[in-house]
Amino acid sequence: MPNADLTFCPRCAERLEWRGVEYPDVLHPVCTKCGFILWQNVRPSVDALIVRGEAPHVEVLLGRQSAARAHGQWGIPGGFLSVGDRIETALIRECRREMGIEVLIGDLVGAFEAMFYDVPMVDLIYACTIASGEPRAADLIDEVRWFPLGDPPPLALEIERDAMDVLRRKLDVSL
Ligand SMILES: [Zn+2]
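Read on for an overview of the structure. Starting afresh in each chain, residues are numbered from 1 along the sequence in its written order. For this predicted model, a pLDDT threshold of at least 70 governs which residues receive local features, and a threshold of 80 or more governs which side-chain atom pairs are given and counted, while totals over whole chains, interfaces and linings are taken from all residues. To obtain the side-chain values, all non-hydrogen atoms of the structure were used and water was disregarded.

**Overview of the coordination of the zinc ion**
Under perfect tetrahedral coordination by four donors, a metal shows angles of 109.5 degrees; under perfect octahedral coordination by six donors, it shows angles of 90 or 180 degrees.
Inference 1: Protein coordination of the zinc ion is provided by C9 (SG), C12 (SG), C31 (SG) and C34 (SG), with donor distances spanning 2.3 to 2.4 Å.
Inference 2: Around the zinc ion sit four donor atoms, and with donor-metal-donor angles ranging over 99 to 117 degrees the site reads as tetrahedral.
Inference 3: Linear spacing of the donor residues for the zinc ion on their chain is C-x2-C-x18-C-x2-C. One end of the pair, C12, is in the segment before β1 (16-20); the other, C34, is in the loop between β2 (27-31) and β3 (43-52), with 22 residues separating them in the sequence. Here a donor is any nitrogen, oxygen or sulfur atom (N, O, S) within 2.8 Å of the metal, with 3.2 Å used for Na, K and Ca; water is not among the atoms considered, so some sites may look incomplete. Under this scheme a four-donor centre is tetrahedral when all angles range from 85 to 135 degrees, a four-donor centre is square planar and a six-donor centre octahedral when opposite donors are above 155 degrees with the rest from 65 to 115, and any other centre is irregular. Working definition: helices are DSSP H or I runs of at least four residues, strands are E runs of at least two. Numbering for both runs from the N terminus.

This is how it looks when you write it as structure tokens:
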């Protein structure tokens, strides 16, 4: 949901007003003094579905979350794209940061919509393989483990399970 209660321009602190910018019926907060437009978009994020093995014995690498939000739940490495990020460099960085590994990026598994706190996000989930390094729990994770692609433990985000189902069908991995 866009923040309808925003009042002041983050650049010059003058009052914001909701106005049509591109289309008259699509309103955005616009500064009444300096013209700053506060675009409020869905946030893009990237996640890595790291796999190994051949069908029907494909495994996926998961990390157990140590952060309070999803404590004890399992998930795949990734994160939001920051300004200036590129998809591939962000994916590689997040895998390095969370699991201490270098990954090779493969096919896009899909684009998945979810909520993170109250922020709507579009998560681009890529199939990846390990290029080098032994996975270990690094940032935000307290354990890493391989699971069968068709039988993961409870996951922090439902879309991660959805992505595994898509990849499983694509690789023809039966349950
Ligand atoms: Zn302003």
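Anyway, onward from the coordinates.
**Regarding the packing of aromatic side chains**
Inference 1: When two rings of Phe, Tyr or Trp (its six-membered ring) have centres within 6.5 Å they constitute a pair, described as stacked for plane angles under 30 degrees, edge-to-face for angles over 60, and tilted for the intermediate range. If you walk through the whole model with that rule in mind, you get three aromatic pairs.
Inference 2: Ring geometry for W74 and F147: centres 5.0 Å apart, planes at 75 degrees, overall edge-to-face. Here W74, found in strand β5 (residues 74-75), pairs with F147, found in strand β9 (residues 141-148); they are 73 residues apart in sequence, far enough to count as distant.
Inference 3: Burial classes: relative accessible area under 20% of the type maximum marks a residue as buried, over 50% as exposed, and values in between as partly exposed (1.4 Å probe, protein chains only). On the basis of relative accessible area, F147 is assigned to the buried category, the value being 10%.
Inference 4: Measuring from ring centre to ring centre gives 5.4 Å for F80 and F116, while their planes differ by 75 degrees; the resulting arrangement is edge-to-face. Remark: F116 occurs in strand β7 (residues 102-116) and F80 occurs in strand β6 (residues 78-80); sequence separation between them is 36 residues.
Inference 5: Look at F80 and you get partly exposed, because its relative accessible area is 30%.
Inference 6: According to the relative accessible area criterion, F116 is partly exposed, its value standing at 24%.
Inference 7: These aromatic residues form a ring-pair network of at least three members: F80, F116 and Y117.

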